[in-house]
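The lines below spell out each chain.
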2 protein chains.
Amino acid sequence: MPKKGIEEIRERMLQSAKAGITSAYKSEEYALIQAVNAYMETDKSYNLAYERLSEWYGIYYPEIRISSPESLAKLAIAMSNNGADAGSIERALGNAAKAEEVKKKAESTIGRKMEADEATAVTGFANQVLSTAKALGELDLYINGAAKRVMPNTTYLTDHMIAAELLSRAGSMERLATMPAGTVQLLGAEKALFKHIKFGSRPPKYGILFKLPEVTNAQREIKGRIARAYATKICIALKADYFSKNFIAEGLKKSLSESLKRIKEKPIKPKEEMRRDFDRGYQGKMQGRRGAGRGRGGWKQGYRKR
Amino acid sequence: MPKKGIEEIRERMLQSAKAGITSAYKSEEYALIQAVNAYMETDKSYNLAYERLSEWYGIYYPEIRISSPESLAKLAIAMSNNGADAGSIERALGNAAKAEEVKKKAESTIGRKMEADEATAVTGFANQVLSTAKALGELDLYINGAAKRVMPNTTYLTDHMIAAELLSRAGSMERLATMPAGTVQLLGAEKALFKHIKFGSRPPKYGILFKLPEVTNAQREIKGRIARAYATKICIALKADYFSKNFIAEGLKKSLSESLKRIKEKPIKPKEEMRRDFDRGYQGKMQGRRGAGRGRGGWKQGYRKR
């Protein structure tokens with residue numbers, strides 16, 4: 001074959017490989033995964049920064065406790081610039097009664113006096129907290145839109161953040177949509193799951209799905225069952241999102257709420273009975289595995305035995 | 001005693017207790033500790049955010065690699081708003097040749113096409129990276145000033161960030177100034193130290209002092225000795241900073257550089273000889289402790305033995 005021919009083929013091969021990469025990234029799910037990862041990380045930084053700011057602020061005004069990061073940051077900025085000025089405190093907190101209380105406490109504070117360059121540093125850090133809050137808002141806005149486009153059924157059943165987190169854990173819609181319900185139920189609980197397999201601790205009941213208000217607010221004994229019911233319906237919704245692209249979530253939600261009603265109406269077994277049932281089933285299943293036959297607390301026993 | 005008298009006394013006691021707290025926080029060291037903690041945490045968030053941004057950006061332009069967080073953020077903002085426009089890329093990178101290269105790569109990219117709302121989300125996140133960089137700069141400015149005021153001698157010997165980190169680890173100037181040199185040398189290496197005590201691994205040679213360029217750039221065999229020389233002089237400097245408030249750092253720095261010269265000129269023992277000496281001394285010292293007599297690698301052995 002002449003040299004020019006080979007080079008031409010090579011060129012065409014490269015072209016098609018590049019086109020393959022481009023088309024693989026064509027789906028919006030990859031942007032969504034990046035966005036939700038960025039959101040979760042920024043959220044962690046945000047909480048740490050808030051705690052740090054409230055500790056720092058505490059050496060000047062130990063009496064003042066503000067539980068909202070944004071209010072604290074705004075208050076810190078206002079008071080660093082204008083001192084205990086009633087108007088600016090009220091503008092920061094948006095609440096006249098609370099502002100009055102804060103002003104009173106600030107005037108008789110036992111904390112350190114804030115020097116000018118300390119005020120600049122605190123203001124800078126408080127601004128950082130505020131801009132992190134703004135970035136979180138922007139990311140949330142995008143995630144909301146993208147999750148509704150990529151997985152409309154799942155988002156309808158749960159909410160955009162939980163749907164996006166499930167996607168991020170799975171890595172792609174293809175993998176997520178082909179997962180069995182039990183895997184979806186435990187996405188995000190990998191650590192507890194492997195502890196169970198390796199050391200025989202109790203198995204986890206939910207991972208990311210714990211964030212569903214229905215699960216969080218349920219009675220302890222039925223939390224796992226509710227998570228399971230959600231997982232089965234989410235699995236169907238995911239398949240619709242990825243394969244058929246039909247919107248079937250309304251029917252799903254209806255049948256889900258019926259299942260939830262059934263679960264809640266079923267009488268709950270007394271604790272001792274449940275434990276006995278669990279240990280019996282568990283001892284049978286765990287035969288031959290590491291840590292097997294130790295019953296509940298097996299992980300701790302195995303861990304302590306050095 | 002009449003009731004009024006008791007209440008008066010109680011009031012006066014409370015007053016004096018409050019005054020005690022205020023005067024305990026009078027020293028600037030507490031503000032400095034808060035600032036350096038905030039700096040270290042923000043720095044961690046900053047690095048994580050940069051990595052996340054470069055991953056996210058990588059799905060659109062996998063060919064473009066930028067190692068500076070700020071340049072990457074500026075580039076992401078410029079290209080999200082104006083596409084691959086030569087002028088705005090150059091303004092973001094501040095380097096015409098690099099901008100030309102980036103523009104070329106961006107035009108023939110194999111990555112995903114950036115949709116409008118993805119561009120908004122990326123811009124928002126890149127702005128967050130930039131504002132974090134700004135906050136870091138402001139904190140550094142304050143730490144620089146405060147460290148020079150609180151510990152002028154120590155700052156002169158090392159630098160403001162290392163001096164402030166030592167203070168933050170120790171918790172107060174009083175505790176730091178009364179520490180022995182060996183403790184100062186290992187501040188920040190607590191984990192390695194306790195591993196050594198508990199499992200018999202090799203002892204750490206330095207903690208925070210590893211950040212000194214003199215230590216970082218030294219030959220492996222003499223790093224520990226250089227850290228030790230620094231720690232002894234830092235200890236003297238700290239005592240001057242806390243007790244006498246004299247500026248003696250120039251003399252200290254001179255005698256320190258002489259010690260460093262001596263250490264560097266001393267011939268280095270061959271590796272085998274050093275190991276033998278270490279193991280011999282070590283086995284004697286570790287008698288009667290857990291993991292004793294196991295020699296090097298003791299920690300691993302102890303850990304594996306379940």
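Every value quoted in this text rests on a predicted model; they were computed, and no experiment measured them.

**Examining the overall build of chain A**
The helix and strand tally for chain A stands at 16 helices and 0 strands. A burial count over chain A gives 34% of its 306 residues as buried. Taking as baseline every contact in chain A between residues at least 6 positions apart, the subset at least 24 positions apart corresponds to 59%.

**A short note on the relation of the copies chain A and chain B**
For the pair chain A and chain B, the relating rotation is 180 degrees, the translation along its axis is 0.0 Å, and the fit reaches an RMSD of 0.1 Å. Given the turn and translation reported, the copies of this chain are related as if by a two-fold rotation axis. Comparing interface residues between copies, 100% of those in chain A also sit at the interface in chain B, which points to an isologous, same-surface contact.

**Points about the packing of helix 3 (residues 69–82) of chain A against helix 4 (residues 86–93) of chain A**
All names here are of chain A. Contact geometry of helix 3 with helix 4 gives a least axis separation of 8 Å together with a crossing angle of 165 degrees. One way to sum up the angle between helix 3 and helix 4 is to call them roughly antiparallel. Crossing geometry of helix 3 relative to helix 4 is assigned as right-handed. Facing helix 3, whose interface residues are Ser71, Lys74, Leu75, Ala78, Met79 and Asn82, helix 4 presents Ser88, Ile89, Arg91, Ala92 and Leu93.

**Here's the deal with the interface of chain A and chain B**
Note: interface size is frequently given as the accessible area lost on complex formation between the parts. On the side of chain B, 39 residues touch chain A, which itself brings 39 residues to the contact. Within the residue set of the side of chain A that touches chain B, elements represented by two or more residues are helix 1 (3–24), helix 2 (29–58) and helix 6 (116–150) of chain A. When the residues that make up the side of chain A that touches chain B are grouped by side-chain class, the tally is 16 nonpolar, 13 polar and 10 charged.

**Observations concerning the domain arrangement of chain A**
Residue and element names in this part refer to chain A. With domains assigned, chain A is organised as domain 1 (29–145) and domain 2 (151–294). Inter-centroid distance (C-alpha atoms) of domain 1 to domain 2 is 37 Å. Between domain 1 and domain 2, the contact holds 7 residues from the first and 8 residues from the second. In terms of residue count, the dominant contributor to the side of domain 1 that touches domain 2 is helix 2 (5 residues).

**Description of the nonpolar core**
Soluble globular proteins tend to pack their nonpolar side chains together in the buried interior. If you look at the biggest cluster of nonpolar residues, it comprises 75 residues, and the most contacted ones within it are Leu32, Ala35, Ile143 and Leu167 of chain A together with Leu53, Ala76 and Phe125 of chain B. Here this core takes 11 residues from helix 13 (residues 223–244) of chain A, the largest share from any one element. Those residues in contact with Leu53 of chain B that lie beyond four places of it in its chain are Leu72, Ala73, Ala76, Phe125, Ala126 and Val129 of chain B. Judged by nonpolar contacts, the second largest core, of 73 residues, contains Tyr60 of chain A together with Val36, Ala170 and Ala227 of chain B.

**Quick word on the environment of Gly188 of chain B**
Residues and elements named next belong to chain B. Among the secondary structure elements, Gly188 is positioned in the loop between helix 10 (181–186) and helix 11 (190–199). Note on Gly188: 21 C-beta atoms within 10 Å, which makes it buried. Sequence separation between Gly188 and Ile208 is 20 residues; the distance between their C-alpha atoms is 5.3 Å. For Gly188, the contacting residues outside a window of four places in its chain are Arg169, Gly207 and Ile208.

**A short note on the packing of helix 6 (residues 116–150) of chain B against helix 8 (residues 160–170) of chain B**
Packed helix pairs are characterised by how far apart their axes lie and by the angle those axes make with each other. Residue and element names in this part refer to chain B. Where helix 6 meets helix 8, the closest approach of the two axes is 9 Å, and the angle between their N-to-C directions is 70 degrees. Looking at the two axes, helix 6 sits roughly perpendicular to helix 8. For the pair formed by helix 6 and helix 8, the contact residues are Ile143, Asn144, Ala147 and Lys148 on the first element and His160, Met161, Ala163 and Ala164 on the second. For the contact of helix 6 with helix 8, the per-class residue count stands at 5 nonpolar, 2 polar and 1 charged.

**What to know about unusual backbone geometry**
Of note, Lys245 of chain A is a non-glycine position whose phi angle comes to about 60 degrees, a positive value. Take Lys245 of chain A: it is sitting in the loop between helix 13 and helix 14 (249–265).

**What to know about the confidence of the model for chain A**
Across chain A, pLDDT averages 86, with 89% of residues at or above 70. Across residues 290–306 of chain A, where pLDDT falls below 50, the model places 30 contacts with residues more than four positions away in sequence or in other chains.

**Remarks on the environment of Thr178 of chain A**
Residue and element names in this part refer to chain A. Note that Thr178 resides in the loop between helix 9 (173–177) and helix 10 (181–186). Residue classification places Thr178 among the partly exposed residues on the basis of 15 C-beta atoms within 10 Å. Along the backbone, Thr178 and Tyr242 are 64 residues apart, and their C-alpha atoms lie at a distance of 9.4 Å.

The rules behind the values
Residues numbered from 1 in each chain as written. Chains lettered and ligands numbered in written order. Predicted model: local features only at pLDDT ≥ 70, side-chain atom pairs only at ≥ 80, totals over all residues. Helix = DSSP H or I, 4+ residues; strand = E, 2+ residues; numbered from the N terminus. Buried ≥ 20, exposed ≤ 12 C-beta atoms within 10 Å, placed from the backbone. Contact = placed C-beta atoms within 7 Å. Least-squares fit on C-alpha atoms with pLDDT ≥ 70 in both. Axes fitted to C-alpha atoms, helices over the stretch in contact; angles between N-to-C directions. Parallel < 35°, antiparallel > 145°, perpendicular 65-115°, else oblique. Left-handed = near helix turned anticlockwise from the far one by under 90°. Nonpolar A, V, L, I, M, F, W, Y, C, P; charged D, E, K, R; others polar. Domains from an automatic or database assignment. Core = buried A, V, L, I, M, F, W, Y, C linked by C-beta atoms within 7 Å. pLDDT = per-residue confidence, 0-100.

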